[in-house]
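# Descriptive analysis of the structure
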Amino acid sequence: MEINNDFAFPTGIVFSLTEKSSSSNLRIDTLAFLHVLLCSHPPEVFHPHVGTLFPPIVACIGDPFYKITSEALLVTQQLVKVIRPLGEACNFNCQPYVPDLFSCTLKRLQAADIDQEVKERAIACMGQIICNLGDHLGSDLQPTLKIFLERLKNEITRLPTVKALTMIASSPLKIDLRPILGEGFPILASFLRKNQRALKLSTLTALDILIKSYSDSLKPAMVESVLAELPALITENDMHISQVSVIFLTSLATVHPASLSKISGSVLSELFHLVHSPLLQGGALSAILDFFQALVLTKTSTLGYNNLMKQLTGPIYSSSHATAPVAMHKQAYYSVAKCVAALSSVCPKEAAGMVGQFIQDVKNPRSGDAVRILAFLSLAEIGRTMNLSAQRELKAVILEALSSHSEEVKSAASYALGNISIGSLKDYLPFILQEIGSQPKRQYLLLHSLKEAISSSPADSLKPYVEDIWALLFKHCECSEEGTRSVVAECLGKLTLVNPSQLLPRLKKQLTAGSPYARSTVVTAIKFTISDHPQPIDLLLKNCIGDFLKTLQDPDLNVRRVALVMFNSAAHNKPSLIRDLLNTVLPHLYAETKVRKDLIREVEMGPFKHTVDDGLDVRKAAFECMYTLLESCLDRLDIFEYLNHVEDGLKDHYDI
C-alpha cells in the first residue's frame, strides 16, 4: 500500500477510533493496522497527517479497556519514531506534540493497578519517548528516570525496564543517566545471577551500552559488582550468554582499561576453560578473539602477551609427553591456535619470537604429538595474515612432518602449509605445486594444502597462478584413489570461482574428453562452485548446469552417483539453478531409483555366498535428491508420479 498526501486515509482511521458506536474489536484492529502502517512506511509520509491522527491515538491510551490502551501505546511508540526519527535529517516540528505524548504515557507508567501488558508497553513507550525526545522533556526527565529505577526493582517489570534503559543509553541524544547509575548498576549486576535467561541476556546488553556511553561516570565498585557475577556466566553450557559476557568484557577493556586489573582469576580461568572446550566456535570464539586483542593492548602488567600465551598453551605443553596421546579434543587445538594468532596480530614483535619457538617445538624430538599439532595449527593461523617467508627452515620442517607416524600431526602440517601460503603466496604456492609434482607419497596431503590456499586466498592474488594450478590438477583428476580425486575436485571447483567466465567453459569441455574418473572429478567440482549465497558464477552456471546434469545418463555408475550428489547440492543450496530443468532431469532421476538386476552379484566368502548390490549407493543418492526436491521445488513436481517411485522405494533394501 502506498500513501500520498492527496489520499485522505486518516479520515477512516479517526472515525473508527472516535465514533461512539465503534466496537472495542474495531478500535483494536484499527490500531493494529495503524501500527503496521507506521512500521512499513518512511516517517515523512505521515508528517502531513500527524495533527489529525494524534488526538484519537492519545485518547485511546486513556481508554478503560486494557487491550485498547495496550495497542495505543504500541502505536504511540512507533509514532514517536515518526515525529522525531533519529539518525536522519527531519524538518518536522515535534515540539507541539511532546507534552501530551509524555503526560498520557506517564499516567500509564505511574499506575500500579493496571494489566501487565499495559505496564510493559507503557515502559517501552516511555523509553522510546526519552530516547527520541529526551532533549524536549526538561525537568520532567529525571523524575521519570527515577520511576524506571523503581520498575527495575520490581520482578514483574524488570525485564521491559532493562530493555527500555538499553534503548535510552544508546540514544544519540546522550541522555544523562548518571543520577540513577549509582543505584541502578548493582541492581543490574544482581540480575546476572537470576535464573531467567532472557533477563541475563538483556542485562548484559544494557551493561555493555552503559559502560560505552558512561565510562567516565563509572566507579570501581560499580564495575566490580558486575565482574563478580561473570565467572558463572562464562560456561560452555550456554554459549550465547558466554558470548555476550565476553563482548561486555571487550567493551570494558576498550573504554575502561583501569578496571581490568580487578578481573578476578576466576573470570580468566573460566575464559581459558571455554577456549579449551570442544564446543567453542562461531560467534563465541570471535568474541573471545576480540577480547584477547583488547586485553593485551591495555598493557596491564599481569595480562601481557607472554602471560596470556602461557595460560592458553600451558595445559597442552604440561600434558604432552613424547609417548602420550593427544589429550584434548581436536576442536580445542584450533581454538587455541586462533587465540594465539589473534594475540600475535596485535603484538608483532613478540609474535616473531613465538613463531621461532613453534618451529623449534616441531623440530624437538622430545615434543609430543599434542605440542606439534598446536605448533602447526598456530603457525597456520599466524601465517594467514603474516608473511613467514623469512623463516627459511619452515618448509623443510613441514615437509618432514608430512611423513610423521601420527595422522593428526600430518593433517596439521598439511593445514599449516596451505594457510601459511595465504600470507606468503609468492613464496609458498609455487613450492606446493612443485612438491605435488615430485612427491607422489605425500600427494594427498599436499593437495589438501593447495585446497586451503585456493579457498582462502583473494582471487586477484591467485590469478597469476591459475594456469599452473589448473594443469597440475588435471594431471591428477584420473587418479584411482577416490579420496585424492575428491580433493582435486574441490580444488577445481574453488579455482573456477576465481575466474568463472574463463574456467567454467573449460570444465564443461572435459565432460567429453576424459575417462570416467575424469568425468566424475569434473562433476564433483561443479558441486563446490554452488553455495547458498549469491556469487558471480551463478548466472553462468545456470546457463550450463544442464550440460553437467546430462551425466545422469552416463554409462559409468560412479559418474551417475556423483551427478546425483551434485544435483542434490544444487537443489538444496540454490534451487533456482535447476528448477527450469526438472522436466528434463526428473525422468533420469526416477530411473535411478529402480533396482537393476545387472548390478547385483554374488560373492563367495568361504562356504558362504554374499549378495552385493552395486546400485545401492546410486539409489540412496537418488532418493536423497527426491527428498530435497520435496522441500525446495514441490510446485514443480507431479506428486502422483513422485509418490509412485516413493512407494517402490519402500519395497527396496532396508538401507533405502
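Keep in mind that what you see is a predicted model, and the values were worked out from it rather than measured.

Procedures and definitions
Residues numbered from 1 in each chain as written. Predicted model: local features only at pLDDT ≥ 70, side-chain atom pairs only at ≥ 80, totals over all residues. Heavy atoms only, no water. Helix = DSSP H or I, 4+ residues; strand = E, 2+ residues; numbered from the N terminus. Buried < 20%, exposed > 50% of the residue type's maximum accessible area, 1.4 Å probe, protein only. Contact = heavy atoms within 4.5 Å. Areas by Shrake-Rupley, 256 points an atom, 1.4 Å probe, with all protein chains shown as cover. Lys, Arg positive; Asp, Glu negative; His and termini not counted. Charge placed at Lys NZ, Arg CZ, Asp CG, Glu CD. Phe/Tyr/Trp six-rings, centres within 6.5 Å; stacked < 30°, edge-to-face > 60°. Disulfide = S-S within 2.5 Å. Pairing = 2+ DSSP bridges. Core = buried A, V, L, I, M, F, W, Y, C linked by side-chain atoms within 4.5 Å. Expected span 1.5 Å × (residues − 1). Arc of directions from axis to C-beta. Axes fitted to C-alpha atoms, helices over the stretch in contact; angles between N-to-C directions. Left-handed = near helix turned anticlockwise from the far one by under 90°. Nonpolar A, V, L, I, M, F, W, Y, C, P; charged D, E, K, R; others polar. Patch = residues over 30% accessible without salt bridge, like charges linked within 9 Å, V, L, I, M, F, W, Y side chains within 5 Å. Salt bridge = Lys/Arg side-chain N within 4 Å of Asp/Glu carboxyl O. pLDDT = per-residue confidence, 0-100.

### Examining the overall build of the chain
- Along its length, the chain carries 32 helices and 2 strands.
- Dimensions of the chain along its principal axes, counting C-alpha atoms only, are 90 × 70 × 55 Å.
- Here the chain holds 656 residues, and 54% of them are scored as buried.
- Look at the contacts in the chain between residues 6 or more apart in sequence, and 73% of them connect residues 24 or more apart.
- Accessible surface, the chain: about 30000 Å² in total, of which carbon and sulfur atoms supply 53%.
- When the 63 basic and 67 acidic side-chain charges of the chain are each reduced to a single mean position, those positions are 4 Å apart.

### Side note on unusual backbone geometry
- Positioned with a positive phi, Lys-174 is a non-glycine residue whose angle comes to about 55°.
- For Lys-174, the position within the fold is in the loop between α8 (158–169) and α9 (178–191).
- For Lys-174, a relative accessible area of 69% gives the class exposed.

### Things to note about the packing of aromatic side chains
- Tallied over the entire structure, the rule returns 7 aromatic pairs.
- Seen from their ring centres, Phe-54 and Tyr-97 are 5.0 Å apart, and the 65° between their planes marks the pair as edge-to-face. Separated by 43 residues along the polypeptide, Phe-54 in helix α3 (residues 50–61) and Tyr-97 in the loop between α4 (66–83) and α5 (98–110) bring together distant segments of the chain.
- A relative accessible area of 17% means that Tyr-97 is categorised as buried.
- With centroids separated by 5.6 Å and ring planes inclined at 20°, the aromatic side chains of Phe-272 and Phe-292 adopt a geometry described as stacked. In this pair, Phe-272 sits in helix α13 (residues 265–275) while Phe-292 sits in helix α14 (residues 282–297), placing the two residues 20 residues apart along the sequence.

### Here's the deal with the state of the cysteines
- Applying the stated criterion across every chain, the model contains 0 disulfides.
- Note on Cys-39: no disulfide assigned, nearest cysteine sulfur contributed by Cys-125 at a separation of 13 Å.
- In this model Cys-633 remains outside any disulfide bridge; the closest cysteine sulfur is found in Cys-625, 11 Å from its own.

### What about the pairing of strand β1 (residues 600–605)?
- Sheet topology note: the β1/strand β2 (residues 608–613) ladder contains 6 bridges and is antiparallel. If you follow Met-605 over to β2, its bridge partner there is Phe-608.
- Hairpin remark: β1 followed by β2, antiparallel, with 2 residues in the connecting loop; positive phi at Gly-606, about 65°.

### Side note on the nonpolar core
- Ranked by internal contacts, the top residues of the largest apolar core, which has 227 residues, are Phe-292, Phe-376, Leu-450, Ile-469, Ile-578 and Leu-629.
- Setting aside anything within four residues of it in sequence, one finds Ile-578 in contact with Ile-545, Leu-549, Phe-567, Ala-570, Ala-571, Leu-629 and Cys-633.

### Focus on helix α26 (residues 500–513)
- Taking 1.5 Å as the rise per residue, α26 with 14 residues should run 20 Å; its terminal C-alpha atoms sit 20 Å apart, in good agreement.
- Looking at α26, one finds that the buried residues are Pro-500, Leu-503, Leu-504, Leu-507 and Leu-511. The arc that holds every buried residue of α26, seen down its axis, measures 110°, which confines them to one face. Turned more than 90 degrees from where α26 packs its buried face, Ser-501, Lys-509, Thr-512 and Ala-513 sit exposed.

### Describing the packing of α5 against helix α6 (residues 116–133)
- Packing of α5 against α6 brings their axes to within 9 Å, and their N-to-C directions diverge by 150°. In the crossing of α5 with α6, the sense of the turn from one axis to the other is left-handed. Here Val-98, Leu-101, Phe-102, Thr-105, Leu-106, Arg-108 and Leu-109 of α5 come into contact with α6, specifically with Val-118, Ala-122, Ile-123, Cys-125, Met-126, Ile-129 and Leu-133.
- The class makeup of the residues in the contact of α5 with α6 is 12 nonpolar, 1 polar and 1 charged.

### Observations concerning helix α19 (residues 394–401)
- Of all 8 residues that make up α19, 6 are buried, and the element is covered over most of its length.
- Burial in α19 covers these residues: Leu-394, Lys-395, Val-397, Ile-398, Leu-399 and Ala-401.
- Contact partners of the buried residues in α19: α17 (348–363), α18 (369–385), α20 (407–423), α21 (425–438) and α22 (443–456).

### Re a nonpolar patch on the surface
- Side chains of Leu-630, Leu-634, Ile-639, Phe-640 and Leu-643 sit close together on the surface and give an oily, nonpolar patch of about 470 Å² of accessible area.
- No other element matches helix α32 (residues 639–650), which puts 3 residues into the nonpolar patch.
- Positionally, Leu-630 belongs in helix α31 (residues 616–632).

### Structural notes on the packing of α3 against α4
- For the pair α3 and α4, the least separation of the axes is 8 Å and the interaxial angle reads 145°. The two elements α3 and α4 cross, and the hand of that crossing is left-handed. Together, Val-50, Phe-54, Ile-57, Cys-60 and Ile-61 of α3 and Ile-68, Thr-69, Ala-72, Leu-73, Val-75, Thr-76, Leu-79 and Ile-83 of α4 make up the contact between the two elements.

### What to know about the pattern of salt bridges
- What the rule picks out here adds up to 27 salt bridges.
- Among the ionic pairs, Glu-117 bridges to Lys-67, the shortest N-O distance being 3.9 Å. Residue Glu-117 is located in helix α6, and its partner Lys-67 is located in helix α4; the two are separated by 50 residues in the primary sequence.
- Note that Lys-338 and Glu-381 form a salt bridge whose closest N and O atoms lie 3.6 Å from each other. On the criterion of sequence distance, the pair formed by Lys-338 in helix α16 (residues 330–346) and Glu-381 in helix α18 is long-range, its members being 43 residues apart.
- Lys-338 sits in the partly exposed class, given a relative accessible area of 30%.

### Digging into the confidence of the model for the chain
- Of all residues in the chain, 96% attain a pLDDT of 70 or more, and the chain-wide mean is 85.
- Note that pLDDT drops below 50 for residues 322–326; the model gives that stretch 8 contacts with residues more than four away or on any other chain.

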